[in-house]
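A closer look at the structure
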Amino acid sequence: MAETRAKIAELDPVWARITREAEEAVAAEPLLGGMVHVSVLHHSNIERALAFRISMKLANGEMSEQMLREICDEAYAADPWLSRAARADIRATFDRDPACQRFLQPLLYFKGFQAVQSQRVAHWLWGQGRHDLAFFIQMRASEAFGVDIHPAARIGQGIMIDHAHSIVIGETAVVGDNVSILHSVTLGGTGKEDEDRHPKIGDGVLIGAGAKVLGNIRVGCGSRIAAGSVVLEEVPPCKTVAGVPARIVGDAGCDQPSQLMDQKLTGCNCSG
């Protein structure tokens, strides 16, 4: 058993850490033993655990947990990027959220992480032309998590969505890698035309709570959007914008403000 665990740790350190933390959690709180075993320790890899957790959260009287798990298993088998992105999201959440003390927490408890993984499966289905099933997962994720992300939206890896209440991301939105988004953020469109109408968020961007980014505009890499802002025009790279409507109020202070999570307007002073 020790040799097997050593091999797992070498090949997949994220999953190895999750399973170790799961064992510690069961020892510390035996009342959670059943849930932790069925969600983590019963599975041989992170893909199986993700499929199980997503299906348990999204199942209802219209579609069973077993059917949803088979869909998720199919997606993870067909596209290894999905689980690589999930690992990056776990690391991002652990690094950026001071409330996250273990890799285990996003998988079991954090609805922002769970909602993003659900959308990734829906996006895979969308790419396969299975739009109705993708819409079903979007609907259930919105109902279960309070996060409404269109299946066609393109979401990068290393994403951290903190608290995750009332997140809305539209159909033609693009979110780059290593982006941090707080609660009540909207990446929305303008008008009713069926065209490219949603924002394009660059890598390393930090979007503060309650911010609204509207229209087919680009937010440059390494920028910060202050809480409560309404962004209607393009944001250059490495700038901070604030206000209604948002205006440039200074430099972002670093290349990756999403990692430090500093929302003060004076600059985050982090290394690139």
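Higher on the page you've got the structure.
The notes below deal with the structure included here. (Residues numbered from 1 in each chain as written. Predicted model: local features only at pLDDT ≥ 70, side-chain atom pairs only at ≥ 80, totals over all residues. Heavy atoms only, no water.)

What follows deals with the pattern of salt bridges. Throughout the structure, instances matching the rule amount to ten salt bridges. R87 is the salt-bridge partner of D12, the closest N and O atoms lying 2.7 Å from each other. On the criterion of sequence distance, the pair formed by D12 in the loop between α1 (2-11) and α2 (13-28) and R87 in helix α6 (residues 81-96) is long-range, its members being 75 residues apart. For the pair D12 and R87, one class covers both residues: buried. Through salt bridges that share partners, D12, E47 and R87 make up one connected network. (Salt bridge = Lys/Arg side-chain N within 4 Å of Asp/Glu carboxyl O. Helix = DSSP H or I, 4+ residues; strand = E, 2+ residues; numbered from the N terminus. Buried < 20%, exposed > 50% of the residue type's maximum accessible area, 1.4 Å probe, protein only.)

Taken together, six strands build an open sheet; the order of strands is β3-β6-β9-β12-β14-β15 and the sheet is mixed. The sheet is open, and its two borders are formed by β3 (160-161) and β15 (247-251), each paired with just one other strand. Where strand β14 (residues 239-242) meets β15, four bridges bridge the pair, whose relative direction is antiparallel. From the neighbouring strand, V241 faces β15, where its bridge partner is I248. (Pairing = 2+ DSSP bridges.)

Let's shift gears to the sheet that holds strand β10 (residues 212-214). If you walk across this open sheet you meet the five strands as β1-β4-β7-β10-β13, and the pairing is parallel. For this open sheet the edge positions go to β1 (147-149) and β13 (230-231), each flanked by a neighbour on one side alone. When strand β7 (residues 186-188) meets β10, the two strands line up parallel, connected through three bridges. Looking at the pairing, L187 lines up with V213 of β10.

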